[in-house]
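# Architecture at a glance
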Amino acid sequence: VIVPHGVLFRGGKEGIIRRKLIEENMLHAVVGLPANLFYGTGIPAAILIFDKGRTARKQKDVLFIDASREFADDKKQNRLREEDIDKIAKTFDKFKTVDKYAYRAKPKELAENEFNLNIPRYIDTFEPEAEVDIEKTQEEIAELENQLTEVRAKMAGYMEELGL
């Protein structure tokens, strides 16, 4: 089932429905998709994958996949590439945690999170920013200022030649 992200975490009736689906062991996976993937809406969506046969296999964990950052930007609309779809499918088949991409959550963890299925709650996609070398940056700024001074002097010379 394709849903907007709000369905994953809003309270009220939606929260009650999520709880029931998890307690009855029907939810198998949650796949986060990129924004602007579907015509008519720019919001990100998610796929909820249900499996009524999970009880027989005694499978209770829920797999979260964050595929929201892997897509082709086709100007007006984003598109999942073949490799993006393959990665989602292979990750789903393996049903294992993959750093910064997928997380296998236990039912107890879902209950502790009040059945909130918001993907960032389970998958940490934080990437630390590169450190900035302040000295090097200051040197680059000084060099650019020197170049700017030289260019301005040349321009003033050209303007003088033109009588302006």
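It should be emphasised that the depicted structure is a prediction, and the values quoted were computed from it without experimental measurement.

So, on to a nonpolar patch on the surface. Taken together, the side chains of Val-151, Met-155, Tyr-158, Met-159, Leu-162 and Leu-164 make up a nonpolar region of the molecular surface, amounting to roughly 650 Å² of accessible area. Its relative accessible area of 35% is what places Met-159 among the partly exposed residues.

Attention now goes to the pattern of salt bridges. Across all of its chains, the model carries 9 salt bridges by this definition. Linking Glu-24 and Lys-20 is a salt bridge whose minimum nitrogen-to-oxygen distance equals 3.4 Å. Since its relative accessible area comes to 49%, Lys-20 is described here as partly exposed. For Arg-81, the salt bridge is made with Asp-84, and the minimal N-O distance between the two is 2.9 Å. One connected set of salt bridges, linked through shared partners, spans Asp-61, Arg-104 and Lys-106.

The next subject is helix 1 (residues 12-23). Its 12 residues give helix 1 an end-to-end C-alpha distance of 17 Å, which sits within 8% of 16 Å, the value for a rise of 1.5 Å per residue. Those residues of helix 1 lying buried are Gly-15, Arg-18 and Ile-22. When helix 1 is viewed along its axis, its buried side chains cluster within an angular range of 60 degrees and face the same direction. Counted as exposed and oriented over 90 degrees from the buried face of helix 1: Lys-13, Ile-16 and Ile-17. Where helix 1 is buried, its residues contact strand 2 (27-32) and helix 4 (107-112). Taken from the residues just after helix 1, Asn-25 is the one with a positive phi, measuring 60 degrees.

Once that is clear, we can look at unusual backbone geometry. With a phi angle near 60 degrees, Asn-36 is a residue other than glycine that sits in the positive phi range. Inspection of the secondary structure puts Asn-36 in the loop between strand 2 and strand 3 (45-50). Given a relative accessible area of 24%, Asn-36 falls into the partly exposed group. Phi is positive for Phe-115, which is not a glycine, with a value near 65 degrees.

Before going further, it helps to spend a moment on the sheet that holds strand 3. Taken in spatial order, the 5 strands make up an open sheet running 1-3-2-4-7, and their pairing is mixed. The strands lining the two open edges of the sheet, one partner per strand, are strand 1 (2-4) and strand 7 (102-105). Recorded for the sheet is a direction-independent mean angle of 20 degrees between the axes of neighbouring strands. Pairing between strand 4 (residues 62-66) and strand 7: 4 bridges, direction antiparallel.

Each value, and the rule that gives it
- Residues numbered from 1 in each chain as written.
- Predicted model: local features only at pLDDT ≥ 70, side-chain atom pairs only at ≥ 80, totals over all residues.
- Heavy atoms only, no water.
- Patch = residues over 30% accessible without salt bridge, like charges linked within 9 Å, V, L, I, M, F, W, Y side chains within 5 Å.
- Areas by Shrake-Rupley, 256 points an atom, 1.4 Å probe, with all protein chains shown as cover.
- Salt bridge = Lys/Arg side-chain N within 4 Å of Asp/Glu carboxyl O.
- Buried < 20%, exposed > 50% of the residue type's maximum accessible area, 1.4 Å probe, protein only.
- Helix = DSSP H or I, 4+ residues; strand = E, 2+ residues; numbered from the N terminus.
- Expected span 1.5 Å × (residues − 1).
- Arc of directions from axis to C-beta.
- Contact = heavy atoms within 4.5 Å.
- Pairing = 2+ DSSP bridges.
- Axes fitted to C-alpha atoms, helices over the stretch in contact; angles between N-to-C directions.

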